[in-house]
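# Structure at a glance
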Amino acid sequence: MNPATGELLATVPATTADGADAAIDRAATAYPAWREVAPGDRARLLRRFAAVVDEHREELATLEVRNSGHTIGNARWEAGNVRDVLDYYAGAPERLTGRQIPVSGGLDVTFHEPLGVVGVIVPWNFPMPIAAWGFAPALAAGNTVVLKPAERTPLTAIRLAELAVEAGLPPDVFTVLPGAGDVVGRRFVEHPAVRKVCFTGSTEVGTRIMAGCADQVKRVTLELGGKSANLVFADADLERAAASAPYAVFDNAGQDCCARSRILVERSVHDRFLELLEPAVRAFRVEDPARESAEMGPLISAARRAAVAERVAGARVAYTGSCPDGPGFWYAPTVLLADSTADRHWREEIFGPVVSVLPFDDEAQAVALANDTEYGLSGSIWTRDVGRALRVARAVESGMLSVNSHSSVRYWTPFGGMKRSGFGRELGPDALHAFTDVKNVFIATEE
């Protein structure tokens with residue numbers, strides 16, 4: 001459905017368990033030939049795939065606006081991110097080098113061997129980028145990939161699979177299987193030919209996938225929930241921090257595991273920060289996501305909107321932005337005042353355009369409050385004191401932090417969380433190693 005209108009876009013046949021098994025078997029059959037493709041040739045195919053994605057960037061962006069309600073500006077970035085991730089990992093096959101380790105009596109060398117079939121399970125909040133974060137390094141390492149898009153947002157993944165064929169990837173090397181998580185996703189976990197599962201989604205489902213993969217000692221990467229903190233110290237550039245805060249949490253209508261949905265502000269500037277934040281929130285443009293000026297679109301579904309409203313009910317509202325009336329799953333950006341860390345909206349991941357604000361007294365309390373959560377994915381620190389920035393960054397239990405910025409995601413740097421926010425890392429120069437096994441070979445040279 002189109003989240004901005006509630007209208008039906010398309011009906012996509014759901015892959016059955018037997019259909020998933022057949023696709024996995026075909027991917028396993030295609031694997032030996034794909035792993036033997038010369039590194040330079042595999043790199044050229046991935047660069048060609050990137051070029052074809054770039055040629056269709058506007059088409060993919062327009063489709064994502066309708067598919068998931070993303071703003072057209074964000075959707076263009078997302079399609080471009082697929083291109084960039086493919087280009088980045090296209091440089092990897094020829095650089096997937098092992099080591100020579102000094103030993104007596106011979107030669108010891110290591111190799112990075114691909115795993116086989118990799119299953120990638122993609123959420124509905126960022127259908128294109130998160131798909132590429134899984135399939136691009138997996139393909140570059142010599143694995144074949146089966147990918148399950150979210151039931152609500154399969155259209156761009158299906159189109160990417162078509163573009164892969166157009167780019168010249170061999171049959172069954174990259175396959176997209178739309179379907180239910182408890183059908184297709186379950187077969188990724190249970191089928192013995194799938195040697196790794198990459199899952200992005202809720203912590204609840206992620207823990208079940210991890211447990212299921214353990215039965216076969218199957219490798220797993222998990223990117224799960226978040227309740228990230230945005231720490232604002234009194235010496236920060238308050239105007240800049242307040243102007244940035246809406247983009248840190250309301251981007252993609254707050255449907256972002258990296259959203260800085262808790263703002264901690266030093267008590268001496270708490271009221272001033274709220275004064276500066278209000279006009280930024282009220283000016284945040286929530287409108288038809290196809291409009292070039294849109295900064296936020298709708299929530300993904302009526303059920304998600306109801307869940308957000310239920311979590312906000314009864315909380316102290318400081319102020320809200322605005323959103324369209326009428327069809328579509330709209331929710332206005334909302335700023336809440338936390339009375340204590342026990343408040344439900346402070347502790348639970350809302351996954352909507354809602355942020356909670358709480359004061360702190362000193363650096364130690366700021367760190368303690370930031371860490372008082374089961375999650376540890378992302379966060380921001382606003383201060384002019386470089387020493388404090390480093391101290392706090394080391395002390396906050398999150399996998400990705402930014403100082404004087406709300407941005408966490410760069411395809412050439414690691415992405416992943418601590419605690420119940422995930423297991424393993426995606427992106428960055430070492431991601432390829434997550435899709436390989438290290439093989440050690442000793443060659444005796446003594447007669």
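Throughout what follows, the structure given in this document is the object of discussion. From a predicted model like this one, the values you see are computed outputs, not experimental measurements.

## Focus: the environment of Gly19
Examined against the element boundaries, Gly19 turns out to sit in helix 1 (residues 17-35). Given the relative accessible area of 28%, Gly19 is considered partly exposed. Along the primary structure Gly19 and Val146 are separated by 127 residues, whereas in three dimensions their C-alpha atoms are 12 Å apart.

## Considering the packing of helix 13 (residues 363-371) against helix 14 (residues 386-395)
At a minimum axis separation of 10 Å, helix 13 and helix 14 run at an interaxial angle of 30 degrees. Between helix 13 and helix 14, the angle falls in the class roughly parallel. For the pair helix 13 and helix 14, the sense of crossing is right-handed. Along its contact with helix 13, which presents Glu363, Val367 and Asn371, the element helix 14 presents Arg388, Arg391, Val392 and Ala395. Here the contact of helix 13 with helix 14 is composed, by residue class, of three nonpolar, one polar and three charged.

## Quick notes on the pattern of salt bridges
When the charged atoms of two side chains with opposite charge come close together, those side chains can pair. As enumerated under the stated definition, the model contains 34 salt bridges in all. The partner of Arg316 in a salt bridge is Asp339, with the nearest N and O atoms 2.9 Å apart. Of the two residues, Arg316 is situated in strand 10 (residues 316-320) and Asp339 in the loop between strand 11 (334-337) and helix 12 (344-347); the sequence distance between them amounts to 23 residues. Accessibility expressed as a relative area gives 44% for Arg316, which makes it partly exposed. One salt-bridge network, held together by shared partners, links Asp21, Arg186, Arg187 and Glu190.

## Things to note about the packing of aromatic side chains
As enumerated under the stated definition, the model contains eleven aromatic pairs in all. Plain terms: the ring middles of Phe233 and Phe360 are 5.2 Å apart, the flat faces sit at 70 degrees to each other, and that makes the pair edge-to-face. Of this pair, Phe233 sits in the loop between strand 8 (229-232) and helix 9 (238-249) while Phe360 sits in strand 12 (residues 354-360), and the two are 127 residues apart along the sequence. Residue classification places Phe233 among the buried positions, given a relative accessible area of 0%. Counting every residue linked through ring pairs, the aromatic cluster contains Tyr88, Tyr89, Tyr411 and Trp412. The side chain of Arg42 reaches across the aromatic face of Trp34, ending 5.9 Å from its centre.

## Considering the environment of Asp87
As for its position among the elements, Asp87 is in helix 4 (residues 72-90). You can call Asp87 partly exposed: its relative accessible area is 37%. Separated by 41 residues in sequence, Asp87 and Leu46 have C-alpha atoms that sit 6.9 Å apart.

## Points about the side chain of Arg304
Relative to the helices and strands, Arg304 resides in helix 11 (residues 302-312). Among buried charged residues, Arg304 stands out as having no salt bridge; its nearest opposite-charge side chain is Glu349, 8.2 Å away. In terms of polar contacts, Arg304 uses its side chain to reach the backbone carbonyl oxygen of Ile350, at 2.9 Å. Arg304 has contacts with Trp124, Gln255, Leu299, Ile350 and Phe351, leaving out every residue within four places of it along the chain.

Quick notes on the rules
- Residues numbered from 1 in each chain as written.
- Predicted model: local features only at pLDDT ≥ 70, side-chain atom pairs only at ≥ 80, totals over all residues.
- Heavy atoms only, no water.
- Helix = DSSP H or I, 4+ residues; strand = E, 2+ residues; numbered from the N terminus.
- Buried < 20%, exposed > 50% of the residue type's maximum accessible area, 1.4 Å probe, protein only.
- Axes fitted to C-alpha atoms, helices over the stretch in contact; angles between N-to-C directions.
- Parallel < 35°, antiparallel > 145°, perpendicular 65-115°, else oblique.
- Left-handed = near helix turned anticlockwise from the far one by under 90°.
- Contact = heavy atoms within 4.5 Å.
- Nonpolar A, V, L, I, M, F, W, Y, C, P; charged D, E, K, R; others polar.
- Salt bridge = Lys/Arg side-chain N within 4 Å of Asp/Glu carboxyl O.
- Phe/Tyr/Trp six-rings, centres within 6.5 Å; stacked < 30°, edge-to-face > 60°.
- Lys NZ or Arg CZ within 6 Å of the ring centre and 35° of its normal.
- Lys, Arg positive; Asp, Glu negative; His and termini not counted.
- Polar contact = N/O pair within 3.5 Å; in protein donor to acceptor, adjacent residues only side chain to side chain.

This is a description of form; function is not addressed.
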